[in-house]
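Listed below, chain by chain, are the residues.
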Amino acid sequence: MILDDIKSATIAGQKAQVENGVKRALEEGLSPGDILDNGLIAAMLVVGEKFRNNEIFVPEMLIAARAMQAGVRIIEPLILAGERKYVAKAVIGTVKGDLHDIGKNLVIMMLRGAGWEVVDLGVDVAPEKFVAAVQEHRPQIVGVSALLTTTMPAMKATVEAFVRAGLRENVKIIVGGAPVSREFATEIGADAYAGDAGSAVEIAGGLVA
Ligand code: B1M
């Protein structure tokens, strides 16, 4: 089945095969969401598992990530299609010390697809940089992503930086990423936790409604 082909090509880091697979899947009428969830994202779960079991190492993980991103680039225009009317503005980044950006990029893609204006701060974003971006762009939402348990404390530091800057009441802060939970979000004083890119859009919409 085509989704299995996309998944195994992503795991193997075969960029051209992933691109061909995604194009074929779209031609066969599969939805971008289905390809994303059951092909590309499903593959990264397997990649993580293999890494944990020492079956693969960082270079293979990186190559798989690049293959996934090649697939996402084909789907992105379809998700972004439609009229451009900004619902609200968000500033999003991956926390200091953390270089994982695939999940963050998906959240950004889905928000933009839903009509949000999003400022992407990239990865390894220090708390002060989040604060400066809010001063500059005046968003309603700040999104903070972390993929490592070791960078979760940087999320707390980010929330605290907003308190210190006197800006905490001006923004709603959403946190997300594989090791993050609703309990953790509450514990560090964030406004919300989102488990995936789709729910991030719903939650962000709810917070500004
Ligand atoms: Co890294 N890595 N990695 N890695 N990596 C993980 C996270 C890990 C779980 C693998 C494992 O051990 N099984 C593990 C962390 C363990 C831990 O902390 N307990 C790990 C490790 C250890 C590391 C290094 C330390 C390895 C090393 O160097 N020894 C190193 C750290 C580098 C650093 O950041 N300082 C490292 C490096 C890398 C690569 C660079 C090779 C590459 C990243 C490439 C890139 O992002 N451009 C990489 C990858 C690819 C992974 C795995 C395999 C896949 C991550 C991914 O993209 N998933 C990952 C294993 C895994 O997660 N299963 C792993 C797909 C993506 C769509 O899911 O990011 O969870 P995710 O996003 C989801 C949700 O979480 C949510 O929405 C998304 C989808 O709907 N979400 C949000 C995410 N952010 C959100 C924000 C929101 C809301 C929702 O609101 C703001």
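Per chain, the residues get numbers from 1 upward, laid out in the order the sequence is written. pLDDT decides what is reported in this predicted model: residues at 70 or higher carry local features, side-chain atom pairs at 80 or more are listed and counted, and totals for whole chains, interfaces and linings draw on all residues regardless. Computation of side-chain values covers all heavy atoms of the structure but excludes hydrogens and water.

**Overview of the coordination of the cobalt atom of the ligand**
Item 1. Donor selection uses N, O and S atoms within 2.8 Å of the metal (3.2 Å for Na, K and Ca). Since no water is included, sites may look incomplete. No other protein atom reaches the cobalt atom of the ligand as a donor apart from H100 (NE2), found 2.2 Å away.
Item 2. Relative to the elements of secondary structure, H100 occurs in the loop between β1 (89–95) and α5 (102–113). Under the scheme used here, helices are H or I runs from DSSP no shorter than 4 residues and strands are E runs no shorter than 2 residues, and both carry numbers assigned from the N terminus.

**Observations concerning the pairing of strand β2 (residues 117–125)**
Item 1. With six bridges joining them, β1 and β2 adopt parallel strand pairing. Opposite A90, over in β2, you have V118 as the bridge partner.
Item 2. By convention, a crossover is right-handed whenever its connection, traced from the first strand over the helix to the second and viewed with the strands pointing away, goes clockwise. The β-α-β motif built from β1, the intervening α5 and the parallel element β2 has right-handed crossover chirality. Note: two strands are recorded as paired if DSSP finds a minimum of 2 bridges between them.

**Topic: unusual backbone geometry**
Note on backbone geometry: most residues besides glycine have negative phi, and most peptide bonds are trans.
Item 1. Phi is positive for N54, close to 60°, though the residue is something other than glycine.
Item 2. Looking at the element boundaries, N54 is found in the loop between α3 (32–52) and α4 (58–80).
Item 3. Residue classification places N54 among the exposed residues on the basis of a relative accessible area of 55%.
Item 4. Not every positive phi belongs to a glycine, and D124 is a case in point at roughly 55°.
Item 5. As for its position among the elements, D124 is in strand β2. When accessible area is computed with a 1.4 Å probe and restricted to protein chains, residues below 20% of their type maximum are described as buried, those above 50% as exposed, and intermediate ones as partly exposed.

**A few points about the nonpolar core**
Item 1. Counting 36 residues, the largest nonpolar core has I6, I35, L40, L111 and W116 as the members making the most contacts within it.
Item 2. Secondary-structure elements contributing two or more residues to this core are α1 (2–11), α2 (15–27), α3, α4, β1, α5, β5 (192–194) and α9 (197–208).
Item 3. An automatic or database domain assignment supplies the residue ranges for each domain. Two domains each provide a minimum of three residues to this core, namely domain 1 (2–81) and domain 2 (89–208).
Item 4. Throughout, a contact is declared for two residues whenever any of their heavy atoms are within 4.5 Å. Ignoring anything within four residues of it in the chain, the contact list for W116 reads Y86, V87, A88, K89, A90, L111, I141, A204, G205 and V208.
Item 5. Counting residues in hydrophobic clusters, the runner-up holds 28 residues, among them V91, A154, V175 and Y193. Side-chain atoms within 4.5 Å link the members of a nonpolar core, which is a set of buried Ala, Val, Leu, Ile, Met, Phe, Trp, Tyr and Cys residues.

**Looking at the pattern of salt bridges**
Item 1. Think of a salt bridge as a Lys or Arg side-chain nitrogen and an Asp or Glu carboxyl oxygen that are within 4 Å of each other. The full count for this structure, using the stated rule, is six salt bridges.
Item 2. As a salt-bridge pair, E49 and R52 come within 2.8 Å of each other at their nearest N and O atoms. Here the residue E49 and the residue R52 both occupy positions in helix α3, the gap between them amounting to three residues, near one helical turn.
Item 3. A residue is classified by how much of its surface remains accessible, and R52, at 58% relative accessible area, is exposed.
Item 4. As a salt-bridge pair, R168 and D191 come within 2.8 Å of each other at their nearest N and O atoms.

**Brief notes about the side chain of T94**
Item 1. Inspection of the secondary structure assignment puts T94 in strand β1.
Item 2. At 3.0 Å, the side chain of T94 forms a polar contact with the backbone oxygen of H100.
Item 3. Residues within four places of T94 in sequence aside, it is in contact with H100, D101, K104, G122, V123, D124, V125 and S145. Pairing of N or O atoms within 3.5 Å defines a polar contact, subject to two protein rules: one partner must be a possible hydrogen donor and the other a possible acceptor, and residues neighboring in sequence count only if both atoms are side-chain atoms.

**Re the site of the ligand**
Item 1. In the region of the ligand, 35 residues are neighbours, and G48, L99, H100, D101 and S145 sit closest.
Item 2. One nitrogen or oxygen atom from the main chain of G48 is found 2.8 Å from a nitrogen atom belonging to the ligand.
Item 3. Between the ligand and the protein, one listed contact pairs an oxygen atom with a backbone N or O atom of A197 at 2.8 Å.
Item 4. Listing elements by their share of the shell around the ligand, those giving two or more residues are α3, α4, α5, β3 (141–145), β4 (172–176) and α9.
Item 5. Each residue is assigned to one class: nonpolar for Ala, Val, Leu, Ile, Met, Phe, Trp, Tyr, Cys and Pro, charged for Asp, Glu, Lys and Arg, and polar for all the others, Gly among them. Per-class residue counts for the shell around the ligand are 20 nonpolar, eleven polar and four charged.
Item 6. Two domains each donate at least three residues to the shell around the ligand, and these are domain 1 (2–81) and domain 2 (89–208). We call a residue near a given molecule or strand whenever any one of its heavy atoms falls within 4 Å of it.

**Digging into the domain arrangement of the protein chain**
Item 1. For the protein chain, the assigned domains are domain 1 (2–81) and domain 2 (89–208).
Item 2. Placing a centre on the C-alpha atoms of domain 1 and another on those of domain 2 gives a separation of 25 Å.
Item 3. Note on terms: buried area is the combined drop in 1.4 Å-probe accessible area of two parts once they are placed together, counting the loss on both. Note on domain 1 versus domain 2: buried area summed over both sides is about 730 Å², and carbon and sulfur give 81% of it.
Item 4. In terms of surface lost to domain 2, no three residues of domain 1 exceed Q69, I79 and L80, which account for 48% of the buried area on that side.
Item 5. Here domain 1 and domain 2 share zero salt bridges between them.
Item 6. Put simply, domain 1 and domain 2 have one residue pair in polar contact (both at pLDDT 80 or more) between them.
Item 7. Those elements that place two or more of their residues in the side of domain 1 that touches domain 2 are α3 and α4.
Item 8. With seven residues, the single largest contributor to the side of domain 1 that touches domain 2 is α4.
Item 9. In terms of residue class, the side of domain 1 that touches domain 2 is built from eight nonpolar, one polar and one charged.

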